[in-house]
Amino acid sequence: MNTQTPVSWTNRWTFILAATGSAVGLGNIWKFPYITGEYGGGAFVLVYLGCILLVGVPVMVAEVMAGRAARANPVDAMLGLSRDAGAPAAWGFVGLAGVVGGLLILMFYSVVAGWALDYVWQSLTGTYQAQSADSISENFASLTGSFPRQWLWQTLFVALTGGIIAAGVTRGIGRAVEILMPLLFVFLLMLLGYSWLNGDFVRGLEFMYQPDFGKLSREAVLVAMGHAFFTLSLGMGAIMAYGAYMPGEHSVGKTVITIAALDTVIALVAGMAIFPLVFANGLEPSSGPGLMFVSLPIAFANMPGGMIFGSLFFILVSIAALSSSISLIEPGVAWLERHGVKRRWGTFGAAVIGWLGGTACIYSGSFFDLLDHITANYILPLGGLLIAIFVGWIMQRQTVETAAGFENPLYFKLWTTALRYIAPVGILLVFLHSIGLLDTFMQLGA
Ligand code: PFF
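Because the structure is predicted, anything quoted here is derived from the model rather than measured.

Rules used in this analysis
- Residues numbered from 1 in each chain as written.
- Predicted model: local features only at pLDDT ≥ 70, side-chain atom pairs only at ≥ 80, totals over all residues.
- Heavy atoms only, no water.
- Helix = DSSP H or I, 4+ residues; strand = E, 2+ residues; numbered from the N terminus.
- Contact = heavy atoms within 4.5 Å.
- Areas by Shrake-Rupley, 256 points an atom, 1.4 Å probe, with all protein chains shown as cover.
- Lys, Arg positive; Asp, Glu negative; His and termini not counted.
- Charge placed at Lys NZ, Arg CZ, Asp CG, Glu CD.
- Phe/Tyr/Trp six-rings, centres within 6.5 Å; stacked < 30°, edge-to-face > 60°.
- Buried < 20%, exposed > 50% of the residue type's maximum accessible area, 1.4 Å probe, protein only.
- Lys NZ or Arg CZ within 6 Å of the ring centre and 35° of its normal.
- Salt bridge = Lys/Arg side-chain N within 4 Å of Asp/Glu carboxyl O.
- Near = heavy atom within 4 Å.
- Polar contact = N/O pair within 3.5 Å; in protein donor to acceptor, adjacent residues only side chain to side chain.
- Expected span 1.5 Å × (residues − 1).
- Axes fitted to C-alpha atoms, helices over the stretch in contact; angles between N-to-C directions.
- Parallel < 35°, antiparallel > 145°, perpendicular 65-115°, else oblique.
- Left-handed = near helix turned anticlockwise from the far one by under 90°.
- Nonpolar A, V, L, I, M, F, W, Y, C, P; charged D, E, K, R; others polar.

A word on the overall build of the chain
Now for step 1: A tally of helices and strands in the chain yields 19 helices and zero strands.
Now for step 2: Principal axes of the C-alpha set define a box for the chain whose edges measure 65 × 55 × 40 Å.
Now for step 3: Within the chain, contacts between residues separated by at least 24 positions form 84% of all contacts whose residues are at least 6 apart in sequence.
Now for step 4: Here the chain displays about 17,400 Å² of accessible surface, and carbon together with sulfur accounts for 68% of that area.
Now for step 5: Of the charged side chains in the chain, 19 are positive and 22 negative; the average position of the first set lies 13 Å away from that of the second.

Laid out in structure tokens, this is it:
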């Protein structure tokens, strides 16, 4: 196998920032806080942490390790590693599904990111300041009803993503995350402080963390598992592609624990920054777009310094979305580059596909929902399951042990156990649930 790699992250921290940038996205800022409140607060957080540790971290270690061992994009990595293990070349399809999945996610992700950019502009120009709740709500409806406005911002967002990718791994992605991620941390802490001073902090904390084991249904456990997966960007090779540029000498396990911890802390802090503001304004913690693009602007419109902190918030969301979206096309671009396509042309092609698909999502809300559904419920869980099976069962143990570089044999044992047994069963449950089969089985069993 080709063990040459043309590029590498400047240091271990660049890899950590890039992977954290991929993980921290729209999923952390609007989805996690809401589902936590919805499914039992502290009780849900405990289950979610369990899923991150028992399924997310083992699969992430497998992805980073596979990328680093093959020193190649997900398609060639899966092909090369399967050849080395004497397994069928069909494993290459797992990488290919990831490349396609990334482009599909980019299509709807870039539309929401475009809304965030529109709100950066609105916040900076004070558009929603001193407006009534009704007119703020209508304003969001008019954005989602306006093709040119959404299209303009979505185009800008895809162009920004493409610009960073085209500049290369070290000079593009590496440099971007070295600037963007510290900004994201600082803005988030500023917002937390603002929320603490101005919001109903106690109520926000109660909503998110008061354990309510009564709400912890089977559904909640599965939601926790699915989200652990999406939030860590697993199952589509994004992390594998980034792992290919990771310097050889560092421990994969420790690095991955750092990334998962950062992702989790950021999700928890985002909730602590958002809900107190919502409650202080007597609003309901609605989910999805309504929470971010209606409830929060209403809160900022009524609070001291709302213009500044509203701007900070939407810049934060845009940064989080941008550092995730670059990881959505890197696998495809790296694959094309490996096969002789110039990086800037590969980027151009991938960006145009994402952009056209995004344009279709703006036209049709049902296409948007379809892509969200297919990627979150099928492509990511299936990709993750296959990666866990491949690294856990197909690759030779010795190769895996050397490539993962665990210092302590006990940790290696724990990891392989989680990867071979716990992760596949857990992911399979999520998958069966998402296609409605779990309920059928349960009914059959009852
Ligand atoms: N992890 C991102 C989020 O939480 O918003 C979403 C995501 C990014 C999923 C990149 C998959 C991926 F490859």
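So that's the structure; there's more coming.
Some points on the packing of aromatic side chains
Now for step 1: Scanning the entire structure with this criterion turns up 33 aromatic pairs.
Now for step 2: Measuring from ring centre to ring centre gives 6.3 Å for Trp-115 and Phe-368, while their planes differ by 10°; the resulting arrangement is stacked. Taken together, the residues span a long stretch of sequence, with Trp-115 in helix H5 (residues 92-124) and Phe-368 in helix H16 (residues 365-394) at a distance of 253 residues. Judged on exposure class, the residue Trp-115 and its partner Phe-368 are both buried.
Now for step 3: Between Phe-147 and Trp-151, the aromatic rings sit 6.2 Å apart at their centres with planes inclined by 20°, giving stacked as the arrangement. Within this pair, Phe-147 and its partner Trp-151 are both found in helix H7 (residues 147-166), separated by four residues, close to a single helical turn.
Now for step 4: Positioned above the aromatic ring of Phe-230, the side-chain terminus of Lys-31 is 6.0 Å from the ring centre.

Description of the pattern of salt bridges
Now for step 1: In this structure the tally under the stated criterion is four salt bridges.
Now for step 2: Of the charged contacts in the structure, one is a salt bridge between Asp-118 and Arg-149, with a shortest N-O distance of 2.9 Å. Remark: Arg-149 occurs in helix H7 and Asp-118 occurs in helix H5; sequence separation between them is 31 residues.
Now for step 3: Residue Arg-149 is classed as partly exposed on the basis of its relative accessible area of 25%.
Now for step 4: Between Arg-343 and Glu-337 there is a salt bridge, and its shortest N-O distance comes to 3.1 Å.
Now for step 5: Here Arg-343 falls in the buried class, since its relative accessible area comes to 10%.

Considering unusual backbone geometry
Now for step 1: Phi at Arg-71 is positive, roughly 50°, even though this residue is not glycine.
Now for step 2: Mapping Arg-71 onto the fold places it in the loop between helix H3 (42-70) and helix H4 (74-84).
Now for step 3: Classification of Arg-71 by relative accessible area gives buried; the value is 16%.
Now for step 4: Despite not being glycine, Ala-130 has its phi angle at roughly 60°, a positive value.
Now for step 5: Among the secondary structure elements, Ala-130 is positioned in the loop between H5 and helix H6 (133-144).

Re the site of the ligand
Now for step 1: Ala-23, Gly-27, Tyr-109, Phe-230 and Met-236 are the nearest of the 15 residues found near the ligand.
Now for step 2: One nitrogen or oxygen atom from the main chain of Ala-23 is found 2.9 Å from a nitrogen atom belonging to the ligand.
Now for step 3: Between Ser-233 and the ligand, the recorded distance is 3.1 Å, taken from a side-chain N or O atom to a nitrogen atom.
Now for step 4: Against a free-state accessible area of 340 Å², the protein chains account for coverage of 100% of the ligand.
Now for step 5: Mapped onto the shell around the ligand, the elements with two or more residues apiece are helix H1 (12-23), helix H2 (26-38), helix H10 (218-231) and helix H14 (306-338).

Re helix H15 (residues 343-363)
Now for step 1: For H15, with 21 residues, the first-to-last C-alpha span of 30 Å sits near the 30 Å given by 1.5 Å per residue.
Now for step 2: If you check which residues of H15 are buried, you get Arg-343, Gly-346, Thr-347, Ala-350, Ala-351, Gly-354, Gly-357, Gly-358, Thr-359, Cys-361 and Ile-362.
Now for step 3: Looking at the packing, one finds that the buried side of H15 touches H5, H7, helix H8 (169-198), H14 and H16.

Some thoughts on the packing of H7 against H14
Now for step 1: Put simply, H7 and H14 touch, their axes get as near as 9 Å, and they point 55° apart. Taken together, the axis directions place H7 and H14 in an arrangement best described as oblique. Considering only the axes of H7 and H14, their crossing is right-handed. Two secondary-structure elements touch here, H7 through Phe-157, Leu-160, Thr-161, Ile-164 and Ile-165 and H14 through Ser-318, Ala-321, Leu-322, Ser-325, Ile-326, Ile-329, Glu-330 and Val-333.
Now for step 2: When its residues are assigned to classes, the contact of H7 with H14 shows nine nonpolar, three polar and one charged.

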